[in-house]
Amino acid sequence: MFEISYLKAKSLSDAAALIGAHPEAKLLAGGMTLIPTLKQRLARPSHLVDIGGLPELSGIELKAGRLAIGAAAKHYEVAASAVVKKAIPALAYLASRIGDPQVRNRGTLGGSVANNDPAADYPSAVLALNATIVTTKREIAAEDFLQGMFATALEEGEIIVRVLFNVPKRAAYEKFPHPASGYAMAGVFVAETAAGVRVAVTGAAPGVFRWNDAETVLTKNMKPAALDGLAVDPNDMNEDIHATRAYRANLVKVMAKRAVQKLLATK
Amino acid sequence: MTKIELTVNSAKHTREVEDRTLLVDLLRDHLGLTGTHIGCDTSQCGCCTVHVNGRAIKSCTMLAVQARGAQIVTIEGMAKDGRLHPVQQAFTDCHGLQCGFCTPGMIMAVAALLNDNPHPSDAEIYHGLEGNLCRCTGYINIIKAVKQSAGVLRNG
Ligand SMILES: Cc1cc2nc3c(=O)[nH]c(=O)nc-3n(C[C@H](O)[C@H](O)[C@H](O)COP(=O)(O)OP(=O)(O)OC[C@H]3O[C@@H](n4cnc5c(N)ncnc54)[C@H](O)[C@@H]3O)c2cc1C
Ligand code: FES
Ligand code: FES
């Protein structure tokens, strides 16, 4: 790792001031993405501004049909939260399948969403539940926020404060994890909402995306078999040593069917 | 350089460290606690697992400065009064290791798993140990050791 200066933010405004004062600084939350990156010398920030555990970024609460989760909420906290389990059990399940216990004990919602890894789990829930990203500067709709591979609407020095998830009628998440890392080879989040069904796919393509055809058929007929005649275009999928485009396209369909099956089994 | 104070296995330590120092390097190189191993540089193997404020974490993926003021337990802190911790004893009894390289991290992960869930099912054991790789045992005897130690810990 290159030399670096560590700064512990005392408050959210302190963090914003520190990140503003040092143009080459990076925010540090759980460090589960950033520290491996620094160890590989793939990034060379001048400073790390640690926002882990700031009270302004903590808390999980249900308000007016929306579940508000602080950016510093660790994956294990979301997985274990009675509030999340009651309001959106699929989200608690998703958090419980991220990486491994040690990663879940440090990694945070804000870090995952800010990173927008094309194989990360949370972006699928953010998109399927039409979440709102609340930052130190503004509120951003999921579709505007998520901009493809590792890209988001975040500006320099902008900090995610919390994410507001709309509570669906029912929802389910299923992923085919990469056997070594746990990241999604294909992960599908299906949400049944007042405005229709939303289906978000992560892991399979260069960025999380909505599968519109699946949404249309599932809105009419919420059954795994409703997806039988559909397919995502393999040309839009990723190809690497782990899976071909065609294999990933098939995985998307299989995971989507499993998610629908699971959704039907929830109350 | 930053001066940090932290508690490791009930003993208070104060050290000056470079900000980029990883917690695992502080434990091994500065405090001489070489029971915590380093098995990879991709945060995947879990050999470096220790407890920070009661939760299992990978000490290769945390800066020493982030552990300022924390309570840390390493494998060296598990045995009490010359007696192995029940998880250590179970790994010995069940032959839950061969080369032993993954073992300190495994034991810390298992202790944390049983703390959260004293009665895990097989599926919960597999899920709970996903952050630890063993290249020798094939895991079967590790699972046995988890079950044995769960029983011992439940019966106090
Ligand atoms: C072995 C391993 C397996 C993993 N498996 C999975 C998996 O299966 N699924 C999955 O989804 N993820 C997985 N991850 C990634 C993990 O979920 C990370 O926790 C997450 O991607 C980043 O969160 P963090 O809090 O650790 O962020 P950090 O690493 O601290 O930060 C990541 C990035 O986000 C920025 N950032 C952090 N917080 C904020 C904020 N509040 N506002 C703005 N920017 C911010 C940082 O500056 C940095 O650029 C895995 C990681 C490891 C090491
Ligand atoms: S040394 Fe491999 S996970 Fe820490
Ligand atoms: S006993 Fe050799 S790696 Fe596990």
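So, a few notes on the structure that sits alongside this text. (Residues numbered from 1 in each chain as written. Chains lettered and ligands numbered in written order. Predicted model: local features only at pLDDT ≥ 70, side-chain atom pairs only at ≥ 80, totals over all residues. Heavy atoms only, no water.)

1. Overview of the packing of aromatic side chains
Residue and element names in this part refer to chain A.
Next, step 1: Under the defined criterion, the tally for this structure stands at one aromatic pair over all chains.
Next, step 2: Each ring, one from Tyr-173 and one from Phe-189, has its centre 6.0 Å from the other, and the planes form 35°; the classification is tilted. A residue pair is termed long-range when its members are at least 10 positions apart, and Tyr-173 in strand S9 (residues 170-177) and Phe-189 in strand S10 (residues 184-193) qualify at 16 residues.
Next, step 3: Relative accessible area serves as the criterion here: at 0%, Tyr-173 is assigned to the buried category.
Next, step 4: What makes Phe-189 buried here is its relative accessible area of 0%.
Next, step 5: The positively charged end of Arg-41 is found above the aromatic ring belonging to Phe-2, 4.3 Å away from the centroid.
Next, step 6: Positioned above the aromatic ring of Phe-2, the side-chain terminus of Arg-44 is 4.0 Å from the ring centre. (Phe/Tyr/Trp six-rings, centres within 6.5 Å; stacked < 30°, edge-to-face > 60°. Helix = DSSP H or I, 4+ residues; strand = E, 2+ residues; numbered from the N terminus. Buried < 20%, exposed > 50% of the residue type's maximum accessible area, 1.4 Å probe, protein only. Lys NZ or Arg CZ within 6 Å of the ring centre and 35° of its normal.)

2. Looking at the site of ligand 1
Next, step 1: The local shell around ligand 1 holds 33 residues, among which Leu-27, Met-32, Leu-34, Thr-108 and Asp-121 of chain A are the closest.
Next, step 2: Each of chains A and B places residues near ligand 1.
Next, step 3: Between ligand 1 and the protein, one listed contact pairs an oxygen atom with a backbone N or O atom of Leu-27 of chain A at 2.6 Å.
Next, step 4: One nitrogen or oxygen atom from the main chain of Gly-31 of chain A is found 2.7 Å from an oxygen atom belonging to ligand 1.
Next, step 5: Notes on ligand 1: free accessible area 970 Å², of which the protein chains cover 95%.
Next, step 6: Contributions of two or more residues to the shell around ligand 1 are made by strand S2 (26-28) and helix H7 (109-115) of chain A.
Next, step 7: Sorting elements by how many residues they give to the shell around ligand 1 places H7 of chain A first, with four residues.
Next, step 8: Here the residues of the shell around ligand 1 sort into 15 nonpolar, 14 polar and four charged. (Near = heavy atom within 4 Å. Polar contact = N/O pair within 3.5 Å; in protein donor to acceptor, adjacent residues only side chain to side chain. Areas by Shrake-Rupley, 256 points an atom, 1.4 Å probe, with all protein chains shown as cover. Nonpolar A, V, L, I, M, F, W, Y, C, P; charged D, E, K, R; others polar.)

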